[in-house]
Amino acid sequence: MGLLTFSLNVTLDGCIDHQEGIADDETHAYFTRLLDEAGAMLWGRVTYEMMESYWPSVARGDVEAPPALREWALKLDSKPKYVVSSTRTNYPWTNTHHLTGDLPEAVQNLKDATPAGVLLGSPNLATELDRLDLIDEYRLLIHPMITGHGPTLHQAGLPATRRLELLSANPLHNGTVAMHYRRTH
């Protein structure tokens, strides 16, 4: 069985706005490594649509992009992608699948079928899966900034505090810190 790993950019004050943070070659290389290690991606519809609106065109070469972004786009294009949505069923992006049925069962089945693990990159879906005790690890890239606005991580709340074990903390040259935590049970 593979692990479900939630990974996201977050500022010191918990902001997860995708337009905040440092987007440079080093941060892209970090997420490319995570993508390489994972067997599949898991997103909610909103995140999927945001990703779908840009990355396939970078992979095709329709958009000018530096090498680090092109590498990410090509790897993302070929990676199996699973989407949880109650409103959308058509997913034209290469290797994209609609995850249907009972959410806890469907996600557990995906974990069981993906020994290399599943990388989760949707904050709202992460909150729901955290409530269901399905997230095993957290790989957060903490950015050295305070935005003073949201949305924030798990803004909708959790039923109880999550206790985590620190596996590693690696500072990057740009001032961000790559934090790797595992849930304690």
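Our structure is the block above this text.
Residues numbered from 1 in each chain as written. Predicted model: local features only at pLDDT ≥ 70, side-chain atom pairs only at ≥ 80, totals over all residues. Heavy atoms only, no water.

## Some remarks on helix α2 (residues 45-52)
Side chains three or four residues apart in an α-helix point the same way, a direct result of the helix having 3.6 residues per turn. For α2, the full list of buried residues reads T47, Y48, M51 and E52. For α2, the buried positions fall inside an angular range of 130° around the axis, keeping them on one side. Where the residues of α2 are buried, they touch β2 (40-44), α3 (55-60), α4 (67-78), β3 (81-84), β4 (96-99) and α6 (123-131). (Buried < 20%, exposed > 50% of the residue type's maximum accessible area, 1.4 Å probe, protein only. Helix = DSSP H or I, 4+ residues; strand = E, 2+ residues; numbered from the N terminus. Arc of directions from axis to C-beta. Contact = heavy atoms within 4.5 Å.)

## A short note on unusual backbone geometry
Looking along the chain, the bond that leaves G150 and enters P151 is cis, with omega of 5°. With respect to the helices, strands and loops of the structure, P151 is situated in the loop between β6 (137-143) and β7 (164-171). Even without being glycine, N95 reaches a positive phi, approximately 60°. Look at N95 and you get partly exposed, because its relative accessible area is 33%. Even without being glycine, H154 reaches a positive phi, approximately 50°. Tracing the chain through its elements places H154 in the loop between β6 and β7. A relative accessible area of 17% means that H154 is categorised as buried.

## Some thoughts on the packing of aromatic side chains
To describe a pair of aromatic rings, you give the distance between the ring centres and the angle between the ring planes. Under the definition given, this model contains eight aromatic pairs. On the numbers, 4.9 Å between centres and 75° between planes, the contact of Y54 with W55 is edge-to-face. Residue W55 is classed as buried on the basis of its relative accessible area of 11%. With a centroid separation of 6.2 Å and 75° between ring planes, the pair formed by W55 and W72 is classed as edge-to-face. Of this pair, W55 sits in helix α3 while W72 sits in helix α4; the two residues are 17 residues apart in sequence, bridging distant segments of the chain. The burial state of W55 is the same as that of W72; both residues are buried. Taken together through their ring pairs, the aromatic side chains of W43, Y48, Y91 and W93 make up a single cluster. (Phe/Tyr/Trp six-rings, centres within 6.5 Å; stacked < 30°, edge-to-face > 60°.)

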